[in-house]
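Spelled out, the chains give:
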Amino acid sequence: MIAELSHYALVLALALAIMQAVLPLWGAAKNDATLMGVAEPVAIANFAFVALAFAGLTALYIGSDFSVTNVFENSHSAKPLIYKITGVWGNHEGSMLLWVLVLALFSAFVAAFGGNLPARLRANALGVQGLIATAFLLFILTTSNPFLRLEPAPAEGRDLNPILQDLGLAIHPPLLYLGYVGFSISFAFAVAALLEGKIDAAWARWVRPWTLAAWVFLTLGIAMGSYWAYYELGWGGFWFWDPVENASVLPWLTGTALLHSALVVEKRDALKIWTVLLAILAFSLSLLGTFLVRSGVLTSVHAFATDPTRGVFILAILAFFIGGSLALFAWRAPELKPGGIFAPVSREGALILNNLLLTAAAATVLTGTLYPLALEALTGEKISVGAPFFNRTVGPLMLLLLVLMPAGPLLAWKRGDALGAAQRLVLAGGIALAAVILLYITAGGSLMAAISLFVAVFAIAGAITEFAERIQLFRVSAGELFSRAIGLPRAAYGSIFAHAGIGLALLGIVAESNWSTERIVALKPGDQVSIASFNLGYTGIGRREGPNWIEDVGRFEVRRGGTLVAVAEPAKRVYVARGMPTTEASIHTFGLGQLYVTINDPEQGGGVSARIYWKPLVLLIWLGPVLMAVGGVLSLSDRRLRIGAPRRAARAAVAPAE
Amino acid sequence: MSRRQRRLLLIGLALGVLGLAAALALSALRETIVFFHSPTEIAEKNIQPGTRIRIGGLVKEGTIKRDGLEARFEVTDGGNSLPVVYRGVLPDLFREGQGVVAEGVLDGSGGFRADTVLAKHDENYMPREVVDALKEQGYWQHGVKQ
């Protein structure tokens, strides 16, 4: 009954999505306020029905109704409740439903809080959102319906893929989708602006918060996915340049570029055409990501068994939205009037360079990801493009971006002082150089490591320099400093945090890839093994049982300088329903470093082969993005305060307005 | 600076960055791509030992031998098979009869030294290259399972 009702709700949602697509767009073209007014209630109703369907599927999972094929294939009655719920989106059908739910949620937000938008812009944007919702609801209902029944109903389900039975699944896909789908709003606004042939600072002020919100979610989603892969897969790696990972990085790179270029539109009324193009590209690449993940055209460690017909359907959706929006762009973009003039050395110029480097990085990632497909189609040769390619292409571009980054915020709008900015960064450069000399000599590493380390420290020191400049450190009294720090706009803190965050992440990456130590050893009970400053004593293997699994747990007493600091218990686990083994790594954090232990299948007599890593500063890889996200949220909260209120110009005299 | 000059400068800058990216990508592509070969192709073609390649097929039944950290097994596409040596921790879903993709070099005496064995997240998933290799040898009857 629940399945049928949910299915019905989804069909109704499709009908509403079609209404949301057709009526407001038609109304905006005819300038008919009544038709345009349909958009908001329909968008909210559409969300309600998609949410109903989603709640229905969740209820089916919680109730372990195995007469529904999707539940049978991905759930098990013995599974803990949390994984019954997260299992809803741990499969193709459910994850597409989550995708549409997030889309509908964003539409509903625009409908509910878009009161101060111009009516036509709002109607057009919601109409475009309706088109996207229509396409994906059609996709779900025709090729990926999660509510199909099974006759006769099996007594027990086939369980969820054990790798997905983890808290990571509860957080990672929803965050990622909030990011991916969030870019649909910037896309919808861009298309709406093209339809109207008008873009101004107000448009940018509207697009930026949505882009920023999507970017915050995507940043956290990618970081979360990386940490999840790191601890769950038991390989000790945090990034594999796998096609599916690339698919999430592409919208992130373009989205980051969009954030910065929208700033120029908002403050200086320039770069409008480019910004519209970026908004289209960011979402197009999100769609491409969905296609790559869902179609199985690329061999990926993430790939799950898929049905080729779905790939064709998504390809059609992709062609329609990317082709359509780019055609509209080619037709209408010349009508957008170019705005303010600026000198090459200026904040605008710096932001353009930022955009060029980010989009060039995105282009190389896209090339590396799609090249194997193209080559196979043309010559039949099968190749793989792996980490070495991306490290050698994206690496230098990002290093260049990060080494230039600290200068950007120190340049004034319109006409900047390059020499002045350079002088103010001398101290940061000195600190970075000192760090390189110190760490490089003590820990060693390649030339690339030294350069990366310099850039990482310089980026962090540069962000701190920006803060110091803004509050005029060393130039005013302590009390004055405090009031200046309080008075800084939150958006300024946002950029400082985000810029420092990316530097920290790079520092973590440099440390992980150069100063990690790894030992692979075969051990008998009683054996000792040392790594870095730790000594691990292997005491033996035991057996442990969970609700739906059994595991062999190795026990290692970790000592540092003779004192017991931790007991590592890595395990080899088998999930009973599928008979599928997984590796459960044991991870202990010391400062910002981690001790990471995994074991192989135990041998007769309690022997085991273990893989032990010491990874110094590794936590920075994920704390950096968290800091970036915090920066994004701070910047968002600033926007909300300012929207509708006259901007305070007085501050601009003290600090360059953000 | 006039709008026209500014535009020329911007175009120059854009071309510069794109040129840099293209140069990086081209040189990296030349040196870092890895070709995929099925065991039959390796038997037929003359591939230099020491060149990094990927191989793939099914892990042949009854061929897995483990010795401490070292694992030996054969990869077959139905027609030919290739002995593989791998030192390290094997992925969780590594089993006899399962599809596998490994990266490494030919050792020059008819074997393959792998330094990476690709893991999968899903037991139903079969790498596309492996499916193609099996199809070429006529050993693929049932479609990719759901």
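Owing to the predicted nature of the structure, the values given are computational and were not obtained by experimental measurement.

Colleague: Looking at this model, I keep getting lost on the overall build of chain B. Mind explaining?
Modeller: Regarding its fold elements, chain B presents three helices and seven strands. Tracing chain B from N to C terminus, the helices and strands come up as α-β-α-β-β-β-β-β-β-α. Expressed as a percentage of the 146 residues in chain B, the buried residues total 48%. Counting only contacts in chain B whose residues sit at least 6 apart along the sequence, the fraction spanning at least 24 positions is 55%.

Colleague: Is there a simple way to explain the overall build of chain A in this structure?
Modeller: Looking only at helices and strands, one finds 21 helices and 11 strands in chain A. In terms of C-alpha radius of gyration, chain A reaches 26 Å, essentially the compact-globule figure of 26 Å for 658 residues. Overall size of chain A, expressed as C-alpha extent along the three principal axes, is 80 × 70 × 55 Å. Looking at the 658 residues of chain A, the share that counts as buried comes to 60%. Within chain A, residue pairs in contact and separated by at least 24 positions form 74% of the contacts whose partners lie at least 6 positions apart. Accessible area for chain A stands at about 24600 Å²; split by element, carbon and sulfur atoms hold 68% of it. Chain A carries 45 positive and 39 negative side-chain charges, and their two centres are separated by 11 Å.

Colleague: Even after reading the chapter, I still don't get the side chain of Ser95(A), so can you show me in this structure?
Modeller: Residue and element names in this part refer to chain A. Counting through the fold element by element, Ser95 comes out in helix α6 (residues 92-113). Judged by relative accessible area, Ser95 falls into the buried class, the value being 3%. Sequence-distant contacts of Ser95, defined by excluding residues within four places in its chain, comprise Val88, Trp89, Tyr177 and Arg294.

Colleague: Looking at this structure, how should I read the nonpolar core?
Modeller: The tendency in soluble globular proteins is for nonpolar side chains to be buried as a group. With 168 residues, the main nonpolar core has Trp99(A), Ile132(A), Phe189(A), Trp203(A), Leu253(A) and Val276(A) as its most contacted residues. Leaving out residues up to four positions away in the same chain, Val276(A) has contacts with Ala190(A), Leu194(A), Ile199(A), Trp203(A), Phe329(A) and Leu336(A).

Colleague: Would you mind showing me how to read the pattern of salt bridges here?
Modeller: Opposite charge on two side chains lets them pair, provided their charged atoms get close. Counting across every chain of the model gives 25 salt bridges over all chains. One salt bridge in this structure joins Arg424(A) and Glu469(A), with 3.3 Å as the shortest N-O distance. Here Arg424(A) is found in helix α15 (residues 418-424), whereas its partner Glu469(A) is found in helix α17 (residues 447-471), with 45 residues between them in sequence. A salt bridge links Arg52(B) to Asp115(B); its shortest N-O distance comes to 2.9 Å. Separated by 63 residues along the polypeptide, Arg52(B) in the loop between α2 (39-44) and β2 (53-59) and Asp115(B) in strand β7 (residues 112-117) bring together distant segments of the chain.

Colleague: Even after reading the chapter, I still don't get the domain arrangement of chain B, so can you show me in this structure?
Modeller: The figure often quoted for interface size is the accessible area lost as the parts come together. Partitioning chain B into domains gives domain 1 (1-33) and domain 2 (36-136). Look at where the C-alpha atoms of domain 1 of chain B and domain 2 of chain B centre, and you get two points 40 Å apart.

Colleague: What exactly am I supposed to notice about the environment of His172(A) here?
Modeller: All names here are of chain A. Structurally, His172 is set in helix α8 (residues 167-196). His172 gets classed as buried once you look at its relative accessible area, which sits at 16%. For the pair His172 and Phe467, spaced 295 residues apart in the sequence, the C-alpha separation amounts to 32 Å. Not counting chain neighbours up to four residues away, the residues in contact with His172 comprise Gly221, Met224, Gly225 and Trp228. One polar contact links the side chain of His172 to the main-chain carbonyl oxygen of Gly221, over a distance of 2.9 Å.

Colleague: Quick question: what am I supposed to make of the sheet that holds strand β2 (residues 517-523) of chain A here?
Modeller: The strands that make up a sheet are held in pairs by hydrogen bonds between backbone atoms, and each pair lies either parallel or antiparallel. Residue and element names in this part refer to chain A. Within the open sheet, the four strands sit side by side as β2-β11-β10-β9. Their pairing is antiparallel. One side of each edge strand has no neighbouring strand; the edge strands of this open sheet are β2 and β9 (586-590). Averaged over all pairs of adjacent strands, the angle between their axes in this sheet comes to 15°, without regard to strand direction. Pairing geometry for β9 and strand β10 (residues 593-599), over five bridges, is antiparallel. Paired with Phe590 across the strands is Gly593, a residue of β10. Relative to the sheet, helix α9 (residues 201-232) contacts β9, β10 and β11 (608-615), its axis offset from that of β10 by approximately 45°.

Colleague: Explain the pairing of strand β5 (residues 81-87) of chain B to me, please; I cannot follow it from the model alone.
Modeller: For a regular strand, the rule is simple: side chains alternate between the two faces of the sheet. All names here are of chain B. Where strand β4 (residues 70-76) meets β5, seven bridges bridge the pair, whose relative direction is antiparallel. Opposite Glu74, over in β5, you have Pro83 as the bridge partner. Here β4 folds back onto β5, and the loop between the two strands holds four residues, one of which, Gly78, carries a positive phi near 95°. Sheet analysis places β5 next to β7, joined by three bridges and oriented parallel. When the sheet's bridge partners are listed, Tyr86 is paired in β7 with Ala114.

Colleague: In this structure, what is going on with the packing of α8(A) against helix α10 (residues 243-268) of chain A? I would like to understand it.
Modeller: How two helices sit against one another is set out by the angle between their axes and by the gap between those axes. All names here are of chain A. Two elements in contact, α8 and α10, have axes separated by 11 Å at closest approach and are oriented at 45°. Classified by the angle their axes make, α8 and α10 are oblique. Where α8 crosses over α10, the handedness of that crossing is left-handed. Where α8 approaches α10, its residues Leu176, Tyr180, Phe183 and Ser186 are matched on the opposing element by Ala247, Ser248, Pro251, Gly255 and Leu258. Here the contact of α8 with α10 is built from residues that sort into six nonpolar, three polar and no charged.

Colleague: Can you walk me through a nonpolar patch on the surface in this structure?
Modeller: Residues and elements named next belong to chain A. A cluster of nonpolar residues, Ile18, Val22 and Trp26, forms a patch on the protein surface that exposes about 290 Å² of accessible area. Relative to the helices and strands, Val22 resides in helix α1 (residues 2-30). A residue is classified by how much of its surface remains accessible, and Val22, at 45% relative accessible area, is partly exposed.

Definitions and limits used
- Residues numbered from 1 in each chain as written.
- Chains lettered and ligands numbered in written order.
- Predicted model: local features only at pLDDT ≥ 70, side-chain atom pairs only at ≥ 80, totals over all residues.
- Heavy atoms only, no water.
- Helix = DSSP H or I, 4+ residues; strand = E, 2+ residues; numbered from the N terminus.
- Buried < 20%, exposed > 50% of the residue type's maximum accessible area, 1.4 Å probe, protein only.
- Contact = heavy atoms within 4.5 Å.
- Rg over C-alpha atoms; globule rule 2.2 N^0.38 Å.
- Areas by Shrake-Rupley, 256 points an atom, 1.4 Å probe, with all protein chains shown as cover.
- Lys, Arg positive; Asp, Glu negative; His and termini not counted.
- Charge placed at Lys NZ, Arg CZ, Asp CG, Glu CD.
- Core = buried A, V, L, I, M, F, W, Y, C linked by side-chain atoms within 4.5 Å.
- Salt bridge = Lys/Arg side-chain N within 4 Å of Asp/Glu carboxyl O.
- Domains from an automatic or database assignment.
- Polar contact = N/O pair within 3.5 Å; in protein donor to acceptor, adjacent residues only side chain to side chain.
- Pairing = 2+ DSSP bridges.
- Axes fitted to C-alpha atoms, helices over the stretch in contact; angles between N-to-C directions.
- Parallel < 35°, antiparallel > 145°, perpendicular 65-115°, else oblique.
- Left-handed = near helix turned anticlockwise from the far one by under 90°.
- Nonpolar A, V, L, I, M, F, W, Y, C, P; charged D, E, K, R; others polar.
- Patch = residues over 30% accessible without salt bridge, like charges linked within 9 Å, V, L, I, M, F, W, Y side chains within 5 Å.

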